[in-house]
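What follows is the residue order along each chain.
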Amino acid sequence: MKRIRVDSTVIVLGILILVIAVGAILVATVGRSFFSPGNIRDILTGMSVLGLVAIGQTLVILGASLDLSVTYVISLASLIAATTMNGNPANIPWAVTLTLIVCAAIGLANGLIVTVLKVNGFIATLGVGLILQGVLNTGFQGSAGSVPWAFQLIGATGVGPLPVSWIIMIALAAVVWFLLGRTRTGAHLFAVGGDPEVARLSGVRTKPPLIVAHVLCSVFAGLAGLLLASRLGVGSPTVGQQGGYALLSIAAVVLGGTLLMGGRGSVWGTIGGVAIFAVVDNVMSVMQVNPFLKDVVRGVVIVAAVAVYSRRAIVRRRTRFGPGGTRTGGDAPAEAAAPAMVAATQALEAEADAADGSASMQGGAR
Amino acid sequence: MKFLTALVSPRGAVFLLLVILLVAVMVLNPNFAEPGQLMRYIQRVAPVAIVAIGQYFVIIAGEFDLSQGSLITAQVIVAGNLVAQDDARTVPVLCLMVVLGLVVGLVNGLLTTLLKVPSFIVTLGMMLALLGLVLWWTGGAATGNPADSFRQIGRGGIRDIPVLDFLPWSVLVLAAWLALGIWVTKRPLGKLLIAIGDNARATRYSGARDWWVTTRAFMISSLSATVSAVLLVGYAGVHPSVGRGYEFVAITAVVLGGVVLGGGRGWIVAAVAGAFVLEALFLLLNIAGVPSSLRDAVQGVIIIAAVAYSGLVFRSRRRGGAPQTPPSPGKEPDAPDGAEESSATQALAGEGAAPNNRS
């Protein structure tokens with residue numbers, strides 16, 4: 001009998017529906033319609049950039065690493081694309097290729113530093129981010145290049161209420177879902193993220209999956225940069241930092257139920273997390289909330305949403321102990337014994353005290 | 001010889017790096033060796049080092065505190081707006097700042113431990129919320145120039161001392177805070193934090209109130225950010241960008257000091273040395289005339305290299321069959337401390353008692 005497990009993706013969907021419901025009511029109070037095609041389009045457009053970054057970030061976090069360099073990769077990608085295109089539609093294919101190659105190289109560097117030099121992902125990507133910041137500072141003084149109209153269309157057009165950028169994002173999410181669920185690299189990535197030592201002992205080469213994850217993450221950040229360039233019409237050295245994409249994408253990934261320690265999570269959860277952010281942002285813009293208060297609301301929403309399901313006893317890793325696991329008996333006895341142990345300690349101490357004080361008295365009584 | 005091996009060891013790597021950087025600075029700028037200049041250098045490091053001390057306690061427990069930078073900004077703006085030009089308000093506002101710091105730490109800690117939200121997310125949310133609230137309150141522009149008596153803490157000092165010439169208050173504050181920090185690491189709290197960072201579950205089963213222990217680490221961290229903010233008000237003035245990015249600088253400093261992200265291992269003095277290394281690095285880049293645009297890049301390379309180096313040394317020592325890892329003061333979380341009645345020792349006793357009970 002197959003039991004329906006309430007896994008985190010379902011909970012994320014639940015939260016999303018709740019957020020949409022509350023948002024729709026709030027929007028209705030100011031006399032606007034939440035479900036108008038224009039508004040839905042706004043929300044989906046708002047999802048696409050963060051969505052692309054977060055898909056990449058999901059891969060890296062599944063491998064128990066982090067990528068803080070995405071903000072700078074986004075800025076660099078927008079600049080490379082815009083300056084290479086330089087207003088000429090004929091340059092588009094070459095510009096896109098070049099941008100993605102550069103981003104892949106950055107991701108490769110990240111991956112090698114994390115796997116070969118064994119620097120913690122947090123520090124490694126922070127350092128690479130600083131290096132990229134230096135490159136941006138030296139190479140570019142301000143917005144540069146120009147994007148031809150043909151490329152700007154990607155960010156501006158849509159099919160019905162669905163923006164093209166959003167469709168691209170969802171298609172890529174499906175590709176990543178396939179990669180994670182149906183390919184060897186994906187399975188190995190889960191294994192390495194869950195426990196690198198166990199993965200190694202089971203004959204998995206631990207380095208390649210993590211390197212692939214880092215490369216893909218940077219490529220996805222590069223795609224986000226391309227999308228931003230197509231929306232802005234120019235490349236900007238600060239566009240990534242302004243968006244705060246590194247931390248927001250990590251928040252979206254965790255919101256989507258992926259464990260920060262790696263080894264467990266899903267792409268669709270991440271998309272759900274991104275959607276929650278987009279809806280909250282949209283509702284706040286419609287209601288014309290003070291821009292500073294928006295950050296406050298964002299902060300509260302992030303913590304509250306994650307709190308909703310992290311309190312529940314969701315299997316943190318695939319079941320290993322207890323029913324359904326390969327081993328039975330594990331933490332439960334220890335957990336049950338904990339109060340007894342504390343009590344025993346206290347009893348022992350009391351006994352010791354009593355023994356000290358009344359050794360002679362006891363002797364007399366016997 | 002022993003000293004040299006200690007320097008090359010992972011725990012000493014950060015000190016070796018510090019010595020190299022300081023010597024390099026002195027070669028390029030002989031003036032730096034003067035005590036007065038050295039004091040100015042320490043004065044500049046003090047805010048970063050104090051934040052790093054706070055971050056250390058959170059990181060050895062296996063958590064992150066990303067809200068430090070925002071808290072500093074918030075505190076600086078609070079000070080700027082509330083103290084104004086009134087000397088009499090200095091002490092009440094200082095008290096208010098301490099309370100605010102403790103409350104922020106308490107909220108961070110309780111959300112992390114009781115609601116079981118990852119600390120990365122809790123403190124990220126706190127970072128956004130705090131900064132947003134403060135900027136909303138001030139309308140986005142930080143104004144106000146606190147009274148001189150308040151700013152003296154960060155910029156003033158004792159003048160006309162024989163050798164040193166000038167001893168800034170912030171150096172004294174740093175020394176006191178470090179001493180306090182070292183004292184805490186020797187207390188049950190410090191040992192329990194390392195135990196929790198190493199194996200939270202085992203520590204919980206052995207009877208420690210892990211939620212309260214971890215929460216106190218967050219409170220120490222927020223309090224450190226508050227102290228740092230008080231120094232920064234005097235040193236850097238009131239501006240919404242003061243404190244920005246301090247959380248990352250602090251984490252980098254702590255990791256440079258050989259503290260393991262994920263918890264369970266690390267030495268507080270090395271974490272402070274990490275802060276000194278970072279500031280020495282900025283100084284060196286400044287003196288060596290590296291164009292300001294490239295400074296970030298050089299910093300990034302050195303951080304990666306330093307962390308990679310200490311990691312490599314650490315692993316090679318392990319592989320080389322060294323007699324275990326060199327025991328550090330913090331590595332024995334449940335060393336029985338006769339004088340102190342820590343929960344860890346209680347647990348040890350409890351383990352022995354359990355079979356007795358059954359038989």
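Conventions we followed
- Residues numbered from 1 in each chain as written.
- Chains lettered and ligands numbered in written order.
- Predicted model: local features only at pLDDT ≥ 70, side-chain atom pairs only at ≥ 80, totals over all residues.
- UniProt positions renumbered as here; feature names shortened; annotations may be inferred.
- Helix = DSSP H or I, 4+ residues; strand = E, 2+ residues; numbered from the N terminus.
- Buried ≥ 20, exposed ≤ 12 C-beta atoms within 10 Å, placed from the backbone.
- Contact = placed C-beta atoms within 7 Å.
- Axes fitted to C-alpha atoms, helices over the stretch in contact; angles between N-to-C directions.
- Parallel < 35°, antiparallel > 145°, perpendicular 65-115°, else oblique.
- Nonpolar A, V, L, I, M, F, W, Y, C, P; charged D, E, K, R; others polar.
- Domains from an automatic or database assignment.
- pLDDT = per-residue confidence, 0-100.

An unreviewed UniProt entry lists chain B under the name Autoinducer 2 import system permease protein LsrD, with Microbacterium yannicii as the source organism. Database annotation for chain B, UniProt heading Subcellular location (unreviewed entry): "Cell membrane".

## Points about the overall build of chain A
Across its full length, chain A carries 15 helices and two strands. For chain A, with 366 residues in total, the buried portion stands at 46%. Within chain A, counting contacts between residues at least 6 apart in sequence, those at least 24 apart form 77% of the total.

## With respect to the packing of helix H4 (residues 68-83) of chain B against helix H12 (residues 246-256) of chain B
Residue and element names in this part refer to chain B. It is the contact of H4 with H12, at a shortest axis distance of 6 Å, that shows an interaxial angle of 130 degrees. When the interaxial angle is binned, H4 and H12 end up oblique. Every residue of H12 that contacts H4 at Gln68, Gly69 and Ile72 is listed here: Tyr246, Glu247 and Ala250. Partitioned by chemical class, the residues of the contact of H4 with H12 number three nonpolar, two polar and one charged.

## A look at the domain arrangement of chain A
The assigned domain composition of chain A is domain 1 (20-310) and domain 2 (325-366). For domain 1 of chain A versus domain 2 of chain A, the distance between C-alpha centres works out to 54 Å.

## Thoughts on the confidence of the model for chain A
Residue and element names in this part refer to chain A. Residues at a pLDDT of 70 or more form 88% of chain A, whose mean pLDDT is 85. Note on residues 313-328: pLDDT is under 50 here. Beyond four places in sequence and across chains, it has 19 contacts. Note that residues 359-366 has pLDDT below 50 and, in this model, zero contacts with residues that lie over four places away or in other chains.

## Considerations on the interface of chain B and chain A
Contacts between the two partners involve 44 residues from chain B, matched on the other side by 45 residues from chain A. Broken down by secondary-structure element, the contributors of at least two residues to the side of chain B that touches chain A are helix H6 (119-138), H12, helix H14 (292-319) and helix H15 (343-358) of chain B. Of the residues belonging to the side of chain B that touches chain A, the class tally is 29 nonpolar, 12 polar and three charged.

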